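Descriptive analysis of the structure
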Amino acid sequence: MTTLSTGRMNRRLATDKVVKGISTTFAVIALVLLFWIIWTLLYNGLSAMGLSTFTNDAFGRPQGLMNAIVGSLLQVGIATVIATPIGVLAGTYLAEQGKGSWIAEAIRFVNDVLLSAPSILIGLFVYTLIVIPMGRFSGWAGVIALAIIILPVVLRATEDMLRLVPTQLREAAFALGASHWTVVSSVQWKAARAGILTGLLLAIARAAGETAPLLFTAFGNPQFTANLNSPMATLPVQIFNLTLSADPSSIALAWAGALIITLGVLALNITSRLIIALGQRK
Amino acid sequence: MADAVFHALLWASGALVLLILGAMIAMLAYDGWPALRHFGVAFYTTAIWNPVTERFGAASMLFGTLVTAVIAVVVAVPVSFGIAFFLTEVCPQALRKPIGVTIQLLAAVPSIIYGMWGALVVAPLIAAYIQAPLVALLSWLPVVGEVFAGPPQQFSVFTAGIILALMILPFITAMFVETLESVPAMLAESAYGIGATTWEVFRNVRVPYGRTAMVGAGMLGLGRALGETMAVTFVIGNANRISTSIFAPGSSIASVIANEFGEAQSGSLKLYSLLQLGFALFVISFIVLAISRWLVRSRLD
């Protein structure tokens, strides 16, 4: 009896050990993957990067990424300026007035779908909405596509963060006779500031790395331009086009672009996490 | 007065979000309609995609989309499950946060990077070290052998599935961890109290408690894999046909749109067919996302 149950105990302990070992291995593999990607980018990207990468456009000799870097900054920047107020207001609507109303429930559902919908479909949508009526690909079409990427992330972050603000704060403000607007703008938004900013940074990072919605909207442009009415380059689309070329120097430049965009996106992500971590420490 | 304006603004912003998705559905349905009218339901059952003869059918892309997404989920879910076990039970407390965050950063890497890295670095390795052994091991089997037959190809449905698995892994892991951490500590502690091992508590207490939300997380991963464009475009091989072997090149709805939309003439049957494909992709993702959302929320509420 004793030997039998010790045998069973040993087997249970052995299973426990084996499963722990396998799960640790999986976690190590995932960590190795991230470092492998970053190492590949650093190894291939740094050697291809030079001053001309930042000063020449794709027609330059040697060709560079300046047109794409400026295009990305411009389009992501304007898209952020357009999408942020709408996202914050709509998120506030859900948090403030969205209890039990069917329209709020519908907005919440639609927003979740937009958040996870294939981004190439946003490209098709903006193509029929803007590119066809305008008669050409344009930086503006790219801006609208990116704004639709950013909007649902900001909306979700705003609603979630406003819900975390203690009820006592708003009740105290209302008791002092403050209007709804004053309560929201000076109490609610202020308290949720860090969380909303975090969501916004993540949204910007996501938009900056998007390729699919820009293929048929901003399209790309080998020549430097700051004119949003003309086709405009972005880093991801330019990387895509460079990779399709058979020329080794184009592929090398694509790695340089990939390094820039990945470091930028990771920096935004890490910053947003630092904001959360510092906020929790206080 | 100020409040009235403020309320109107809030409401209008919310309504705008509804309007955007509504317009998106309406436009995709409307724009792709000519293709459906021309080919009928056969559009979804034929696997011919020939711009020269103007014959377009969606079957091979539907097939490629589903197969790559299913491979991705089948590979990613068990690994995510293992990592979630590691992060919630095995890992020393001090390392949980840093390791969790690092895995989350994998999700932040843009899909074009996964595509480049997948095509130029990983695909040759997969062909040599995963596909070749699988072919040697399984291709002699009767029916199953067909699926693993053929010479290993760098760019294939299988490679696309593996890259997709890497991309959805961090999402699924994060949702698993979040669900498992919401299990009441009392339940786990009472199981430990009667002498259960860590793994037994995990398998018999924590996982059953969070099962619905975990299935929802898997579905969300599936939804993401279905619509992922750039990474797949790089590694799937872009062949518009249905092959019985997962080691043959194929195409997905998203990859075909990315590759061919730019060269489609406006007003052409090809353009309408691509837009109809877009609508199909939207409907499929919508259904998967709606189910996953329902599963995740029903647990958390």
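Criteria and cut-off values
- Residues numbered from 1 in each chain as written.
- Chains lettered and ligands numbered in written order.
- Predicted model: local features only at pLDDT ≥ 70, side-chain atom pairs only at ≥ 80, totals over all residues.
- Heavy atoms only, no water.
- Helix = DSSP H or I, 4+ residues; strand = E, 2+ residues; numbered from the N terminus.
- Buried < 20%, exposed > 50% of the residue type's maximum accessible area, 1.4 Å probe, protein only.
- Contact = heavy atoms within 4.5 Å.
- UniProt positions renumbered as here; feature names shortened; annotations may be inferred.
- 1 Å grid on protein atoms, 1.4 Å probe; cavity = no way out; pocket = protein on both sides within 12 Å on 5 of 7 lines; lining within 4 Å.
- Points joined across faces, edges and corners; volume = space filled by probe spheres on them.
- Nonpolar A, V, L, I, M, F, W, Y, C, P; charged D, E, K, R; others polar.
- Patch = residues over 30% accessible without salt bridge, like charges linked within 9 Å, V, L, I, M, F, W, Y side chains within 5 Å.
- Areas by Shrake-Rupley, 256 points an atom, 1.4 Å probe, with all protein chains shown as cover.
- Salt bridge = Lys/Arg side-chain N within 4 Å of Asp/Glu carboxyl O.
- Core = buried A, V, L, I, M, F, W, Y, C linked by side-chain atoms within 4.5 Å.
- Phe/Tyr/Trp six-rings, centres within 6.5 Å; stacked < 30°, edge-to-face > 60°.
- Lys NZ or Arg CZ within 6 Å of the ring centre and 35° of its normal.
- Buried area = accessible area lost by both parts, 1.4 Å probe.
- Polar contact = N/O pair within 3.5 Å; in protein donor to acceptor, adjacent residues only side chain to side chain.
- Expected span 1.5 Å × (residues − 1).
- Axes fitted to C-alpha atoms, helices over the stretch in contact; angles between N-to-C directions.
- Left-handed = near helix turned anticlockwise from the far one by under 90°.

The helix and strand inventory of chain B stands at 11 helices and two strands. Taken along the three principal axes of its C-alpha coordinates, chain B extends 75 × 70 × 30 Å. Relative to its full complement of 301 residues, chain B shows a buried share of 56%. Considering only intrachain contacts with a sequence separation of at least 6, the fraction spanning at least 24 residues in chain B is 73%.

Our focus in this paragraph is the UniProt feature "transmembrane region" (unreviewed entry) in chain B. Residue and element names in this part refer to chain B. Here, UniProt's "transmembrane region" (unreviewed entry) annotation points to residues 6–28, 58–87, 99–117, 123–143, 155–177 and 274–296. End-to-end, the C-alpha atoms of residues 123–143 are 26 Å apart, and along that stretch the chain is 81% helix and 0% strand. Regarding residues 155–177, the helix share stands at 91% and the strand share at 0%, and the terminal C-alpha atoms are separated by 33 Å.

Moving on, we get to empty space enclosed by the protein. Under the criterion given, the structure shown has two cavities of 30 Å³ or more. Quantified by volume, the largest cavity comes out at close to 50 Å³. Lining the largest cavity are B:S60, B:F63, B:G64, B:V157, B:R241, B:I242, B:S243, B:S245, B:A248, B:P249, B:G250 and B:S251. A per-element tally of the lining of the largest cavity places helix 2 (residues 59–90) of chain B first, with three residues. Residues that form the lining of the largest cavity fall into these classes: five nonpolar, six polar and one charged. The space that makes up the second largest cavity amounts to roughly 30 Å³. Around the second largest cavity, the lining residues are A:L94, A:R108, A:N111, A:D112, A:L155, A:R156, A:E159 and B:R297.

This next bit is on a nonpolar patch on the surface. Together, A:L42, A:L46 and A:L263 give the surface a local cluster of nonpolar side chains, amounting to about 260 Å² of exposed area. Note on placement: A:L42 falls in helix 1 (residues 2–48).

The UniProt record annotates "domain: ABC transmembrane type-1" (unreviewed entry) at residues 62–292 of chain B. End C-alpha atoms of residues 62–292 of chain B are separated by 20 Å, and the span's content is 78% helix alongside 0% strand.

Right, let's get into the nonpolar core. Counting residues in hydrophobic clusters, the biggest one holds 179 residues, and the most contacted among them are A:I120, B:Y114, B:I257, B:F261 and B:L277. Top contributing element to this core by residue count: helix 6 (residues 157–181) of chain B, with 16 residues.

A word on the packing of aromatic side chains. Applying the stated criterion across every chain, the model contains 24 aromatic pairs over all chains. Considering the side-chain rings of A:W39 and A:Y43, the 5.0 Å spacing of their centres and the 20 degrees angle between planes classify their relative orientation as stacked. Pair noted here: A:W39 and A:Y43 are both in helix 1, with a separation of four residues, about one helical turn. Plain terms: the ring middles of B:F81 and B:F202 are 5.4 Å apart, the flat faces sit at 65 degrees to each other, and that makes the pair edge-to-face. Highlighted residues: B:F81 in helix 2 and B:F202 in helix 8 (residues 198–227), separated in sequence by 121 residues. Classification of B:F81 by relative accessible area gives partly exposed; the value is 23%. Residue B:F202 is classed as buried on the basis of its relative accessible area, which comes to 0%. Here a set of aromatic residues connected by ring pairs shows up, and it is made of A:Y127, A:F137, A:F216, A:F219 and B:F261. Its end group placed over the ring of B:F171, B:R224 keeps NZ or CZ at 3.8 Å from the ring centre.

Residue and element names in this part refer to chain A. Residues R61 and P62 are joined by a peptide bond in cis, for which omega reads -10 degrees. Assignment of secondary structure puts P62 in the loop between helix 2 (51–55) and helix 3 (66–97). Even without being glycine, F219 reaches a positive phi, approximately 70 degrees. Here F219 is to be found in the loop between helix 8 (180–209) and helix 9 (235–244). When its relative accessible area of 37% is taken as the criterion, F219 is described as partly exposed.

A few words now on the interface of chain A and chain B. Every contact between the two is made by 77 residues of chain A and, on the other side, 77 residues of chain B. Here chain A and chain B share an interface that buries about 7000 Å² over both sides, 82% of which is from carbon and sulfur atoms. On inspection of chain A and its partner chain B, the count reaches three salt bridges. For the interface between chain A and chain B, the tally reads 10 residue pairs in polar contact (both at pLDDT 80 or more). Take the side of chain A that touches chain B: its biggest share by element is 19 residues, from helix 1 of chain A. Classifying every residue of the side of chain A that touches chain B gives 52 nonpolar, 17 polar and eight charged.

Glancing now at the environment of B:P78. All names here are of chain B. Of note, P78 is situated in helix 2. For P78, a relative accessible area of 43% translates into the label partly exposed. When the C-alpha positions of P78 and T173 are compared, they lie 9.8 Å apart, and in sequence the two are 95 residues distant.

Bringing helix 4 (residues 102–116) of chain A into the picture now. Residue and element names in this part refer to chain A. Relative to the 21 Å expected for 15 residues at 1.5 Å per residue, helix 4 spans 22 Å between its end C-alpha atoms, a close match to the ideal helical length. For helix 4, a buried count of 11 out of 15 residues is recorded, marking the element as mostly surrounded by other parts of the structure. The set of residues buried in helix 4 consists of I103, A104, I107, R108, V110, N111, D112, V113, L114, L115 and S116.

Turning our eyes to something else, we now look at the packing of helix 3 of chain A against helix 6 (residues 139–164) of chain A. Residue and element names in this part refer to chain A. Where helix 3 meets helix 6, the closest approach of the two axes is 6 Å, and the angle between their N-to-C directions is 35 degrees. Here helix 3 runs over helix 6; the crossing is right-handed. Looking at the contact of helix 3 with helix 6 residue by residue, the class counts come to 19 nonpolar, nine polar and two charged.

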